Amino acid sequence: GRLEEGLDLYRNAVTAARLCESDDSCYESNALERLIEGLFETNAIDELEPLVLRFPEMAKEHSRKEGRLCAMELKSLYNTARLHEARGRPQEAAREVRALLDLMHENRPAVQEYLPACQILLQNITTQLTVLDPEHGEEELIKAVAHELAKVHTGYT
C-alpha cells in the first residue's frame, strides 16, 4: 500500500543522501529518522534494528559538529528504547530512557532550544513504551519522566 511505497522512497532517500553528502550527515540522518518511524509503524524489526543501532553515532557526530546537544540524540535514545521493547528487553529499554533523562539534565540550555520537540518526545515515551505503563513499568522511572515532562511543559521556569 501507500505506507510501503513511502518506505521505499525513504530507503531511496537514505541511499541518495549517502551519495550526495560530504562531511555533513544531516541529510542522511533526517531521511533515516523518517525511515525508522515508518519501519516501526510496520513492525519491520529485522530491517529496523541495524538502522536504529547506527543512528546514535550519527546523532552524536551531528551534536559534536554543532557544538551542542542535537535533538536527534534524544530521539536516538527513544528509538533504541523502542527497539529493546520490541525485542522483549524491558530492562534495556528502561536504561535508554534513563540515559535520555540524564542527557536532558546535562544539556539543559540546549534542551530549552528544543522544548516543543522534547515535549512531544516525552509524551511519546510516556504513551508508547511499556516500561512507562503504570501497570507494568517501574514507578520511579514513570515519576522521573512525568517530572521532566512537567518541567519541559513549563519551559523550566
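Residues numbered from 1 in each chain as written. Predicted model: local features only at pLDDT ≥ 70, side-chain atom pairs only at ≥ 80, totals over all residues. Heavy atoms only, no water.

## Thoughts on the nonpolar core
Within soluble globular proteins, side chains that are nonpolar generally end up buried alongside one another.
Step number 1: Ranked by size, the top nonpolar core spans 28 residues in total, and within it L74, L100, M104, L122, I125 and V145 carry the most contacts.
Step number 2: If you list the elements that add at least two residues to this core, you get helix 4 (71–86), helix 5 (90–106), helix 6 (108–113), helix 7 (115–128) and helix 8 (139–153).
Step number 3: Looking at which element gives the most residues to this core, the answer is helix 5, with 7 residues.
Step number 4: If we ignore the near neighbours within four places in the chain, the residues touching V145 are V97, L101, L122, I125, T126 and L132.
Step number 5: One finds L7, I45, V52 and L83 within the second-largest nonpolar core, a separate group that totals 18 residues. (Core = buried A, V, L, I, M, F, W, Y, C linked by side-chain atoms within 4.5 Å. Buried < 20%, exposed > 50% of the residue type's maximum accessible area, 1.4 Å probe, protein only. Helix = DSSP H or I, 4+ residues; strand = E, 2+ residues; numbered from the N terminus. Contact = heavy atoms within 4.5 Å.)

## Considering the packing of helix 1 (residues 2–20) against helix 2 (residues 26–41)
Step number 1: Two elements in contact, helix 1 and helix 2, have axes separated by 8 Å at closest approach and are oriented at 155°. When the axes of helix 1 and helix 2 are compared, the pair comes out roughly antiparallel. By crossing handedness, the relation of helix 1 to helix 2 is classed as left-handed. The residues of helix 2 that touch helix 1, namely those facing L3, L7, Y10, R11, A13, V14, A17 and R18, are Y27, E28, A31, L32, R34, L35, G38, L39 and E41.
Step number 2: In terms of residue class, the contact of helix 1 with helix 2 is made up of 11 nonpolar, 1 polar and 5 charged. (Axes fitted to C-alpha atoms, helices over the stretch in contact; angles between N-to-C directions. Parallel < 35°, antiparallel > 145°, perpendicular 65-115°, else oblique. Left-handed = near helix turned anticlockwise from the far one by under 90°. Nonpolar A, V, L, I, M, F, W, Y, C, P; charged D, E, K, R; others polar.)

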